[in-house]
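Each chain, letter by letter, is given below.
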Amino acid sequence: MKKNILLVHTGGTISMELDTKTGGVMLSAANPLALEIDNIQQFANITEVEAFNLPSPHITPERMLELEELISSLMKNNSYDGIVITHGTDTLEETAYFLELSTNFNIPIVLTGAMRSSNEIGSDGVYNLMSAVRVASANAANGKGVLVVLNDEIHTATNVTKTHSSSVSTFQSPQYGPIGIVTKSAIHFHHAPLLRTYLPVESINKKVAMFKIYAGMESDLLVAISTLGYDGVVLEGLGQGNVPPDLVVGIRRLLSEGLPVILVSRCFNGIAQDIYAYEGGGKMLKDMGVRFEHGLSGQKARLKLLLELCSV
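Values in this document were obtained by computation on a predicted structure and should not be read as measured data.

Conventions adopted
Residues numbered from 1 in each chain as written. Predicted model: local features only at pLDDT ≥ 70, side-chain atom pairs only at ≥ 80, totals over all residues. Heavy atoms only, no water. Helix = DSSP H or I, 4+ residues; strand = E, 2+ residues; numbered from the N terminus. Rg over C-alpha atoms; globule rule 2.2 N^0.38 Å. Buried < 20%, exposed > 50% of the residue type's maximum accessible area, 1.4 Å probe, protein only. Contact = heavy atoms within 4.5 Å. Areas by Shrake-Rupley, 256 points an atom, 1.4 Å probe, with all protein chains shown as cover. Lys, Arg positive; Asp, Glu negative; His and termini not counted. Charge placed at Lys NZ, Arg CZ, Asp CG, Glu CD. Phe/Tyr/Trp six-rings, centres within 6.5 Å; stacked < 30°, edge-to-face > 60°. Lys NZ or Arg CZ within 6 Å of the ring centre and 35° of its normal.

A. Layout of the overall build of the chain. When helices and strands are counted, the chain shows 9 helices and 16 strands. Relative to the compact-globule value of 20 Å for 312 residues, the chain shows a C-alpha radius of gyration of 21 Å, a close match. In terms of principal-axis extent, the alpha carbons of the chain reach across some 60 × 45 × 35 Å. When the 312 residues of the chain are sorted by exposure, 49% land in the buried category. Across the chain, contacts joining residues at least 24 apart in sequence account for 73% of those joining residues at least 6 apart. Accessible surface, the chain: about 13,900 Å² in total, of which carbon and sulfur atoms supply 51%. On the chain, the mean spot of the 23 positive side-chain charges and the mean spot of the 31 negative ones are 4 Å from each other.

Okay, structure coming up:
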């Protein structure tokens with residue numbers, strides 16, 4: 001029996017045509033997503049909803065919350081077996097992780113997109129959408145959290161990141177790899193996440209900044225944070241979790257004012273740890289009260305802290 005899948009559109013390259021001369025984008029009456037929906041129905045019974053139609057750099061945490069609220073509202077009155085969301089790729093990983101934190105459904109929520117617009121040679125949007133619907137329809141996808149499906153791979157929202165500016169294989173999970181693959185005949189999962197975090201929110205009423213640490217960085221930007229109404233900060237530290245010594249003054253000031261300071265590593269692989277006790281070293285920072293997040297990128301640690309501060 002075919003599953004009932006809710007298909008939610010948010011915009012992005014997957015539903016747009018690109019004018020390569022002007023850089024303009026447009027929706028077309030002949031958009032392949034509309035033309036191919038009958039073919040996609042062979043995998044599931046599709047109900048389509050448009051949440052909004054925005055390029056992904058225009059997506060904000062407020063928009064992510066709108067999306068979560070729309071999904072939750074539709075789930076109250078309907079019996080869906082899975083949810084597929086089309087999304088632009090630039091911020092897809094952040095929306096996916098926002099939904100991972102803010103939803104608590106056992107059914108699959110799958111995000112997908114396209115690296116090539118519908119009028120480009122080798123457009124990947126329709127294929128990725130079909131793959132996402134197939135994953136959302138698979139019994140094995142239940143209970144695995146929010147997933148991202150592109151280029152025949154299944155990734156968790158927590159680990160996936162965009163690694164290449166234009167390649168169709170851009171979405172990868174450094175250090176962890178995909179948790180499954182899509183083949184012509186089946187959906188295969190080979191492992192699953194152990195833990196999930198649930199942070200329900202009703203409004204986005206806090207501000208969290210993020211900085212990538214660089215050699216010789218000074219404290220003036222951190223000092224400014226405390227005067228601009230921010231409620232927390234995430235630092236992408238060097239190596240195993242270290243910062244230049246000149247940053248210590250700014251970090252100490254933020255902590256003294258009660259602002260949480262979260263530290264992750266700017267490296268793709270490995271985690272931040274409290275190893276070194278020198279000025280700006282990870283051990284010193286942890287002793288000061290800096291919190292370490294393991295296995296998250298800076299942008300995802302920022303979303304997690306934001307939702308922690310906004311959670312009800």
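B. Region of interest: the packing of aromatic side chains. A full pass over the atoms with the stated rule returns 1 aromatic pair. Here the aromatic rings of tyrosine 276 and tyrosine 278 are separated by 5.3 Å at their centres, their planes lie at 15 degrees, and the arrangement is stacked. Among the residues examined, tyrosine 278 registers a relative accessible area of 44% and is labelled partly exposed. A cation over an aromatic ring shows up here: lysine 144 above the ring of phenylalanine 189, its NZ or CZ 4.8 Å from the ring centre.

C. Geometry of the side chain of threonine 161. Within the fold, threonine 161 resides in strand β9 (residues 161–162). Among the residues examined, threonine 161 registers a relative accessible area of 10% and is labelled buried. In this structure threonine 161 touches Glu93, Thr170, Phe171, Gln172, Pro174, Phe268 and Gln299, once residues within four positions along its chain are discounted.

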